[in-house]
Amino acid sequence: MTAFHLIWLASLWVCLTLQGAASDDHQPLSKIAIHKATAALHGAAYIKVTPCVLGLKGESSEWATLEYGHNEPTADDWIGVFSPANFNASTCSPESSPTYSPLLCTAPIKFQYATYLNPQYEDTGNGTMRLQLINQRADFSFALFTGGLSNPKVLAVSNAISFANPKAPVYPRLAQGKLWNEMTVTWTSGYEIGEAEPFVEWGPVGGETTQSPAGTLTFHRNSMCGAPARAVGWRDPGFIHTSFLKELWPNSLYMYRLGHKLINGTYVWSQSYRFRSSPYPGQDSLQRVIIFGDMGKGEIDGSSEYNDFQSGSLNTTKQLINDVENIDIVFHIGDISYACGYLSQWDQFTAQIEPIASRVPYMLASGNHERDWPGTGSFYGNYDSGGECGVPAQTMFYTPAENRAKFWYTTDYGMFRFCIANTEEDWREGTEQYKFIEHCLSSVDRQKQPWLIFLAHRVLGYSSCEWYMDEGTTEEPMGRESLQKLWQKYKVDIALFGHVHNYERTCPVYQSICTREEKDYYKGPLNGTIHVVAGGAGASVLDSEFAGIQPNWSLYRDFDHGFVKLTAFDHSNLLFEYKKSRDGNVYDSFRISRDYRDVLACSLDSCPPTTLAS
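Where an unreviewed UniProt entry is consulted, the protein chain appears under the name Purple acid phosphatase, with the organism given as Opuntia streptacantha. Looking at the protein chain in UniProt, the text filed under Subunit (unreviewed entry) is "Homodimer."

Moving on: the state of the cysteines. Taken as a whole and assessed by the stated rule, the structure comprises 4 disulfides. The disulfide that involves C225 links it to C389, with 2.1 Å between the sulfurs. Residues C225 and C389 share a disulfide whose torsion about the S-S bond is about 85°; that sign makes it right-handed. In this pair, C225 is assigned in the loop between β14 (210-217) and β15 (239-245) and C389 in the loop between α5 (368-371) and α6 (391-396), connecting sequence segments 164 residues apart. Owing to a relative accessible area of 31%, C225 belongs among the partly exposed residues under this scheme. Residue pairing for C602: its cysteine sulfur links by disulfide to C607, the two sulfurs lying 2.1 Å apart. Here C602 and C607 share a disulfide; its torsion about the S-S bond, -95°, makes the bridge left-handed.

So, on to the nonpolar core. Counting 35 residues, the largest nonpolar core has F331, L496, L566 and F576 as its most contacted members. Discounting residues that sit within four places of it in the chain, L496 has contacts with I291, I333, I453, F454, L455, A456, V532, V564 and F576. Ranked by size, the runner-up nonpolar core spans 32 residues in total, among them F219, M224, F292 and M396.

On to the side chain of S162. Topologically, S162 is positioned in strand β10 (residues 162-163). A residue is classified by how much of its surface remains accessible, and S162, at 18% relative accessible area, is buried. Setting aside its immediate chain neighbours within four residues, S162 contacts C52, V53, L54 and D139.

A word on the pattern of salt bridges. Two side chains carrying opposite charge are able to pair once their charged atoms lie near each other. The tally for this structure, following the rule as stated, stands at 28 salt bridges. As a salt-bridge pair, R417 and D412 come within 2.4 Å of each other at their nearest N and O atoms. With relative accessibility at 7%, the residue R417 sits in the buried group. Connected through salt bridges with shared partners, the residues K110, K297, E299 and D301 form a single ionic network.

This next bit is on the packing of aromatic side chains. In the structure shown here, the tally under the stated rule is 36 aromatic pairs. Aromatic side chains F199 and Y267 sit 6.0 Å apart centroid to centroid with 85° between the ring planes, which places their arrangement in the edge-to-face category. A residue pair is termed long-range when its members are at least 10 positions apart, and F199 in strand β13 (residues 196-204) and Y267 in strand β17 (residues 267-276) qualify at 68 residues. Residue Y267 is classed as partly exposed on the basis of its relative accessible area, which comes to 39%. Within the aromatic cluster, the residues linked to one another by ring pairs are W78, F82, F111, Y113 and F145. Here the guanidinium or amino end of R458 rests over the ring plane of Y380, the centre of that ring lying 3.5 Å away.

Bringing the sheet that holds strand β2 (residues 46-50) into the picture now. The strand order β2-β4-β7 describes an open sheet built from 3 strands, whose pairing is antiparallel. Where the open sheet ends on each side, the last strands, each with one partner, are β2 and β7 (126-134). Here the average twist between neighbouring strands, direction ignored, is 25°.

A few words on the sheet that holds strand β11 (residues 170-176). Overall, antiparallel pairing links the 7 strands, which are arranged β11-β12-β15-β14-β13-β16-β17 in an open sheet. Two strands bound the open sheet, and with one partner strand each, they are β11 and β17. Within this sheet the neighbouring strands show an average axis-to-axis angle of 25°, counted without direction. Bridge analysis of β11 against strand β12 (residues 183-189) gives 5 bridges, and the strand direction is antiparallel. By the bridge assignment for β12, Q176 is matched with M183. Each of β11, β12 and β17 is contacted by helix α4 (residues 344-357), which is oriented at about 60° to β11, the strand it contacts most.

Further remarks concern the pairing of strand β28 (residues 529-534). Within a regular beta strand, the side chains point alternately toward one face of the sheet and then the other, so they alternate between its two faces. Most of β28 sits out of view: 6 of its 6 residues are buried. Burial of β28 is two-sided: the residues T529, H531 and V533 facing one way and the residues I530, V532 and A534 facing the other way are all buried. Here strand β24 (residues 494-497) runs beside β28; their pairing, made up of 4 bridges, is parallel. Residue L496 lies in a different strand from β28, and its bridge partner there is V532.

Roughly 690 Å³ of volume is contained in the largest pocket. If you trace the largest pocket, you find 34 residues lining it, with S60, S61, Y171, A351 and E354 closest to the centre. At the level of elements, β7, β11, β17, α3 (313-322) and α4 are the ones that each hand at least two residues to the lining of the largest pocket. Residue contributions to the lining of the largest pocket peak at 5 residues, all from α4. In the lining of the largest pocket, the residues fall into 14 nonpolar, 13 polar and 7 charged. In terms of domain composition, the lining of the largest pocket takes at least three residues from each of domain 1 (46-163) and domain 2 (281-600).

Turning our eyes to something else, we now look at the pairing of strand β4 (residues 61-69). When β2 meets β4, the two strands line up antiparallel, connected through 5 bridges. Across the sheet, V49 pairs through a bridge with L66, a residue of β4.

About the cut-offs
Residues numbered from 1 in each chain as written. Predicted model: local features only at pLDDT ≥ 70, side-chain atom pairs only at ≥ 80, totals over all residues. Heavy atoms only, no water. UniProt positions renumbered as here; feature names shortened; annotations may be inferred. Disulfide = S-S within 2.5 Å. Helix = DSSP H or I, 4+ residues; strand = E, 2+ residues; numbered from the N terminus. Buried < 20%, exposed > 50% of the residue type's maximum accessible area, 1.4 Å probe, protein only. Core = buried A, V, L, I, M, F, W, Y, C linked by side-chain atoms within 4.5 Å. Contact = heavy atoms within 4.5 Å. Salt bridge = Lys/Arg side-chain N within 4 Å of Asp/Glu carboxyl O. Phe/Tyr/Trp six-rings, centres within 6.5 Å; stacked < 30°, edge-to-face > 60°. Lys NZ or Arg CZ within 6 Å of the ring centre and 35° of its normal. Pairing = 2+ DSSP bridges. Axes fitted to C-alpha atoms, helices over the stretch in contact; angles between N-to-C directions. 1 Å grid on protein atoms, 1.4 Å probe; cavity = no way out; pocket = protein on both sides within 12 Å on 5 of 7 lines; lining within 4 Å. Points joined across faces, edges and corners; volume = space filled by probe spheres on them. Nonpolar A, V, L, I, M, F, W, Y, C, P; charged D, E, K, R; others polar. Domains from an automatic or database assignment.

Okay, here's the thing in structure tokens:
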């Protein structure tokens, strides 16, 4: 037995004697009960992985080939991927929070059954498999288990493999800055600030380049609020760098690449990327916006899909990548990665969206699976974040918020004003967030930015989802009671929400009454706000069925994965489209056509009292 295996066994015993942690049914990794694992290393069992070095040409993802087997195969045998390779070097941290079974001691970053694409495995005891790995700042090893997920016994541990430069800068994600002519670039690396200086080299395509320094953030285990994030799901997030590219020309094409200057004077570079800067606020040009919620991540190699919870995620990502030339900005309105306390999954998510987020601004709203944790100030005292309590989301992505922990902000894009609320913090009248929402809605110049859009995660507007209507409501508790008078007063055009994993569109509505009878073309004043649920970008739709009765205000309902696209042609014409993720085709749409005087027009509760004085 090798020294590595002896260390592994000793560490495993420590894991078996420590208390486990709460898990989340939305996270497939939570199904693996490694706290019950026993060592059953067998000379006839083996697992080998090639190549030993990944990313020799600078790739940040590559496929590894596994060969494995043993002499007593079963249908429940499975393979876990661990990173760092010495995966029992860490131990569980006892937590006082409630415990939910099954538990983990050291979470793999992904897993797959040994019979996957190997139907002969149960007969021959031998199999091969290809798994995709991404650069996550550490080496990898693979373990062959028997006993299923609930009673695992480790049979063999593979050789370790690694990327050529595990610390390389990877997964850039753009976001709008606090000014219209500012773009931020955030990325992840393994270089701490004392080891290398991070920066972005950028400039107009075909023009001179400049270099802008980047700030560096990270977070630690004690930044997490509970298990599994603070215990079995913890994985070092590396270093998150953000650079601010300022004084951009409007609607212009720029190139950029990520750089690190090492202390020995040499440089490490990423590949080159391109983006188009934002238009000037009010600029009359074609502007295209993507909006969705609850996407999560998927594994292209088929791994980690214990309950197929995020099956639509890869389809949505594929459609956006294929159409990225016709997209200007993306809003992902909560329930982002569904890491739920298993921090390795944030790397997986940023890698999945890189072809989109490296090209166009990728803006976020906070959801329950990012923020909620008891006793931490979240409006809902549940365990949905898996102990993350918002820290990974607000660190790994930039938002132009005054306080990134609060996660509400305003951003302008050409003829659009977007007001992004945080439903995991109190939004009711008199609160700090309510004042922000009113200021965001009231401060826009509708002559220059006629299209006013409200975004949030939980449904603060209208939904006929079965589990809302079973409770005798069509919204989150206290959802629209405080906000509908603001939407009406400031004439919000469209309010979009996630959380419910389906698609639904209402008529222009106020106080549950349709203010227009048309369904697909609105000319002139809306006299109310159109509410849209767009929470079907990836997470399972099985828990979001519609009620049997369709309310009068509900015009279109779809029980499938999809996303929304808004296209502003000019100050008077807006196209709304709902597209399904499986084929990218349009399944619902409407148009708004109006003039500035229609925006000014009064309707119920939308104008202040007038005077008879002349």
